[in-house]
Amino acid sequence: MPMINLDDIDRRLLAELQDEGRITNVELAHRVGLTAPPCLRRVRSLEEAGVIQGYHADLDASKLGFTITVFALVSLKSQAEEALRAFEDHMRDLPEVRECHMLNGEIDFIIKIVSRDLQSFQEFLTSKLTPAPNVDSVKTSLTIRTAKSLPGVPLE
């Protein structure tokens, strides 16, 4: 996929929106040195080009009862495209799975899972993940703490 050509103002717009998605158009325009109408046109253009894919609230998982984050390394029995897609489709249907990435190397997928507690995670593991289509093995690691978690990309 070709990279979008961005100027300095576009990059500043993206950096501001990435840091504070709820900023008003007037404040955003002020921060990047534009008036409101051209600022809004640029943001809409970035949205239409797919550079901005959405706006999200950053939720505190523990305050919502999700006290455990687990990373699972999954190996599949077959790496045929149909088998890979079936596994990915199954992961999309599981709300506890927050991220699913196909990897190069010995492990086929790394999955980020949130759970309310250890018992809930164990139930998820044995009833939904391990019996998933084409799964050969699953190795899990519980997160002790998170030192850094930033959405988006560096724009400097």
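Everything numeric here is computed off the predicted structure, so don't read it as measured data. (Residues numbered from 1 in each chain as written. Predicted model: local features only at pLDDT ≥ 70, side-chain atom pairs only at ≥ 80, totals over all residues. Heavy atoms only, no water.)

Considerations on the overall build of the chain
We apply this condition: A helix here means a DSSP run of H or I that spans at least four residues, while a strand means a run of E at least two residues long, and both kinds are numbered starting from the N terminus. With C-alpha atoms as the basis for the radius of gyration, the globule rule is written as 2.2 Å multiplied by the number of residues raised to the power 0.38. Residue exposure (1.4 Å probe, protein chains only): buried if accessible area is under 20% of the type maximum, exposed if over 50%, otherwise partly exposed. In this description, contact between two residues means that some pair of their heavy atoms is separated by no more than 4.5 Å. His residues and chain termini do not enter the charge count, which takes Lys and Arg as positive and Asp and Glu as negative. We put the charge of a Lys on NZ, of an Arg on CZ, of an Asp on CG and of a Glu on CD.
In terms of helices and strands, the chain carries five helices and four strands. The N-to-C order of helical and strand elements in the chain reads α-α-α-β-α-β-β-α-β. Its C-alpha atoms give the chain a radius of gyration of 20 Å, clearly above 15 Å, the size a compact globule of 156 residues would have. Principal axes of the C-alpha set define a box for the chain whose edges measure 55 × 40 × 25 Å. Put simply, the chain has 156 residues, and 26% of those count as buried. Within the chain, contacts between residues separated by at least 24 positions form 63% of all contacts whose residues are at least 6 apart in sequence. In the chain, 18 side chains carry a positive charge and 24 a negative one; their mean positions are 4 Å apart.

Quick look at the pairing of strand β2 (residues 97-102)
What counts, and what does not: Whether two strands pair comes down to DSSP finding at least two bridges between them.
The sheet contact formed by β2 and strand β3 (residues 109-115) spans five bridges and is antiparallel. Within β3, the residue paired with H101 across the bridge is I110. In textbook terms, the turn of a hairpin is the stretch between consecutive antiparallel strands, and for β2 and β3 this stretch comprises six residues, one of which, G105, has a positive phi near 125 degrees.

Notes on unusual backbone geometry
Glycine aside, the phi torsion of most residues is negative, and most peptide linkages are trans. One non-glycine residue, N134, lies in the positive phi region at around 70 degrees. Within the secondary structure, N134 is located in the loop between α5 (118-129) and β4 (135-142).

Some words on the pattern of salt bridges
Short version of the rule: One side-chain nitrogen of Lys or Arg within 4 Å of one carboxyl oxygen of Asp or Glu is enough to make a salt bridge.
All chains considered together, the criterion is met by nine salt bridges. Salt-bridge contacts for R42 lead to D7; the nearest nitrogen and oxygen are separated by 3.0 Å. Pair noted here: R42 is in helix α3 (residues 36-48) and D7 is in the segment before α1 (8-19), with a separation of 35 residues, a long-range link. Salt-bridge contacts for R85 lead to E81; the nearest nitrogen and oxygen are separated by 3.1 Å. In this pair, R85 and E81 both sit in helix α4 (residues 81-92), four residues apart, roughly one turn of the helix. Here the residues in one salt-bridge network are E16, E20, E27 and R31, joined through shared partners.

Description of the packing of helix α2 (residues 25-32) against α3
Spelled out, the test is: Here an axis means a line fitted to C-alpha atoms, over the contact stretch when the element is a helix, while the angle between two N-to-C directions is reported on a 0 to 180 degree scale. Oblique is the label for every angle not falling under 35 degrees (roughly parallel), over 145 degrees (roughly antiparallel), or within 65 to 115 degrees (roughly perpendicular). Gly is placed with the polar residues, together with every amino acid not listed as nonpolar (Ala, Val, Leu, Ile, Met, Phe, Trp, Tyr, Cys and Pro) or charged (Asp, Glu, Lys and Arg).
Viewed as axis vectors pointing N to C, α2 and α3 meet at an angle of 95 degrees, and their least axial separation amounts to 9 Å. As far as their axial angle goes, α3 and α2 are roughly perpendicular. Judged by residue contacts, N25, V26, L28 and A29 of α2 engage A36, C39, L40 and V43 from α3. Class assignment for the residues of the contact of α2 with α3 results in seven nonpolar, one polar and no charged.

Here we look at the packing of aromatic side chains
Stated precisely, the cut-off is as follows: Between 30 and 60 degrees the pair is tilted, below 30 it is stacked and above 60 it is edge-to-face, where a pair is any two Phe, Tyr or Trp rings, Trp via its six-membered ring, whose centres lie within 6.5 Å. Only when the NZ of Lys or the CZ of Arg is both within 6 Å of the ring centre and within 35 degrees of the ring normal is a charge said to sit over the ring.
With the rule as written, the count across this model stands at one aromatic pair. For the pair F87 and F109, a centre-to-centre distance of 4.7 Å together with 45 degrees between the ring planes defines the contact as tilted. A residue pair is termed long-range when its members are at least 10 positions apart, and F87 in helix α4 and F109 in strand β3 qualify at 22 residues. Across the pair, exposure class does not vary: F87 and F109 are buried alike. Residue placement shows R116 over the ring face of F66; its charged tip is 4.3 Å from the ring centre.

As for the packing of α1 against α3
Here α1 crosses α3 at 80 degrees, and the two axes come no closer than 11 Å. Judged by the inter-axis angle, α1 sits roughly perpendicular to α3. Between α1, through I9, D10, L13, L14 and L17, and α3, the contact on the second element is made entirely by C39, R42, V43 and L46.

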